[in-house]
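Single-letter residue listing:
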Amino acid sequence: MTDSKYHTPEASSLVGRTYRPRSSEELAEAIEQAFDFRGDITLELSSGMSIEGYVFNRQATGPAPNLQIFPKNQPEVMTIQYDQIVAIAFTGEDTASGKSWDAWIAKKESQRRAEAEHAAESSRARGHL
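Owing to the predicted nature of the structure, the values given are computational and were not obtained by experimental measurement. (Residues numbered from 1 in each chain as written. Predicted model: local features only at pLDDT ≥ 70, side-chain atom pairs only at ≥ 80, totals over all residues. Heavy atoms only, no water.)

**Student:** Give a description of the sheet that holds strand β2 (residues 41–45) that names residues and reports values.
**Tutor:** Ordered by their spatial adjacency, six strands build an open sheet running β1-β6-β2-β3-β4-β5, and the pairing between neighbours is antiparallel. Taken across any chain shown, the strands that pair with only one partner, and hence form the sheet edges, are β1 (18–19) and β5 (78–81). Alignment of strand β3 (residues 50–59) against strand β4 (residues 66–71), held across six bridges, turns out to be antiparallel. Of the residues in β4, the one forming a bridge with R58 is L67. The sheet contacts of helix α1 (residues 24–36) involve β1, β2, β3, β4 and β6 (85–89), and relative to β3 the element is tilted by about 95 degrees. (Pairing = 2+ DSSP bridges. Helix = DSSP H or I, 4+ residues; strand = E, 2+ residues; numbered from the N terminus. Contact = heavy atoms within 4.5 Å. Axes fitted to C-alpha atoms, helices over the stretch in contact; angles between N-to-C directions.)

Below, the structure written as structure tokens:
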């Protein structure tokens, strides 16, 4: 029997979705999703410029909310003010999508093996094996 109580499917993938926020609240929510996304996004700015890259930091409060992005194929970090963002497209693959359950299972199996090895070593040290 499989215990599905804690094994819930991950949220549907954002890959391919584009958000054009109509308010500062919607923009802040879209930026939080971009921050949590483990792949590249493309920002469309009010200047008409598009920037593709990985969002690794954001400052949602204060006088000038902004995000920081590692632009694809560029060595320097860019800081973009929230009020410059017109749209956010989730263009890259979310590298961890669908893998959290598999990762948890692998981690638990590794822990169980380590515990069994430790118990066997303790038994040998006491002369029981």
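What follows continues from the structure just given.
**Student:** How would you summarise the nonpolar core if you had to cite specific residues and measurements?
**Tutor:** Of all hydrophobic cores here, the largest spans 18 residues; its most connected members are I41, L43, L67, I69, I80, I85 and I88. Elements with a minimum of two residues in this core: α1, β2, β3, β4 and β6. Element by element, the count of residues in this core is highest for α1, at four residues. Aside from chain neighbours lying at most four places away, what touches L43 is M49, S50, I51, L67, I69, I80, I85, A87 and I88. (Core = buried A, V, L, I, M, F, W, Y, C linked by side-chain atoms within 4.5 Å. Buried < 20%, exposed > 50% of the residue type's maximum accessible area, 1.4 Å probe, protein only.)

**Student:** So what's going on with the side chain of D40? Which residues, and what values?
**Tutor:** Within the element layout of this structure, D40 appears in the loop between α1 and β2. The side chain of D40 sits in the buried core without any salt bridge; K72 is the nearest counter-charge, 4.1 Å away. (Lys, Arg positive; Asp, Glu negative; His and termini not counted. Salt bridge = Lys/Arg side-chain N within 4 Å of Asp/Glu carboxyl O.)

**Student:** Tell me about the packing of aromatic side chains, residues and numbers included.
**Tutor:** Across all of its chains, the model carries three aromatic pairs by this definition. Consider the rings of F37 and F90, whose centres lie 5.0 Å apart with planes at 80 degrees: the pair is edge-to-face. With F37 in the loop between α1 and β2 and F90 in the loop between β6 and α2 (100–126), the pair connects residues that are 53 residues apart, well separated along the chain. In terms of burial, F37 and F90 fall into one category: buried. Between F56 and F70 the ring centres are 4.2 Å apart and the planes differ by 20 degrees, which places this aromatic pair in the stacked class. Of this pair, F56 sits in strand β3 while F70 sits in strand β4, and the two are 14 residues apart along the sequence. (Phe/Tyr/Trp six-rings, centres within 6.5 Å; stacked < 30°, edge-to-face > 60°.)

**Student:** Lay out α1 with the relevant residues and their values.
**Tutor:** Counting along an α-helix, one turn takes 3.6 residues, and residues three or four places apart therefore face a common direction. The terminal C-alpha atoms of α1, which comprises 13 residues, lie 18 Å apart, in line with the 18 Å expected from a rise of 1.5 Å per residue. Within α1 the residues assigned to the buried category are L27, A30, I31 and A34. Considered in projection along α1, the buried side chains sweep an arc of 100 degrees and stay on one side of the axis. Relative to its buried face, α1 has exposed residues pointing more than 90 degrees away, namely E25, E29 and D36. (Expected span 1.5 Å × (residues − 1). Arc of directions from axis to C-beta.)

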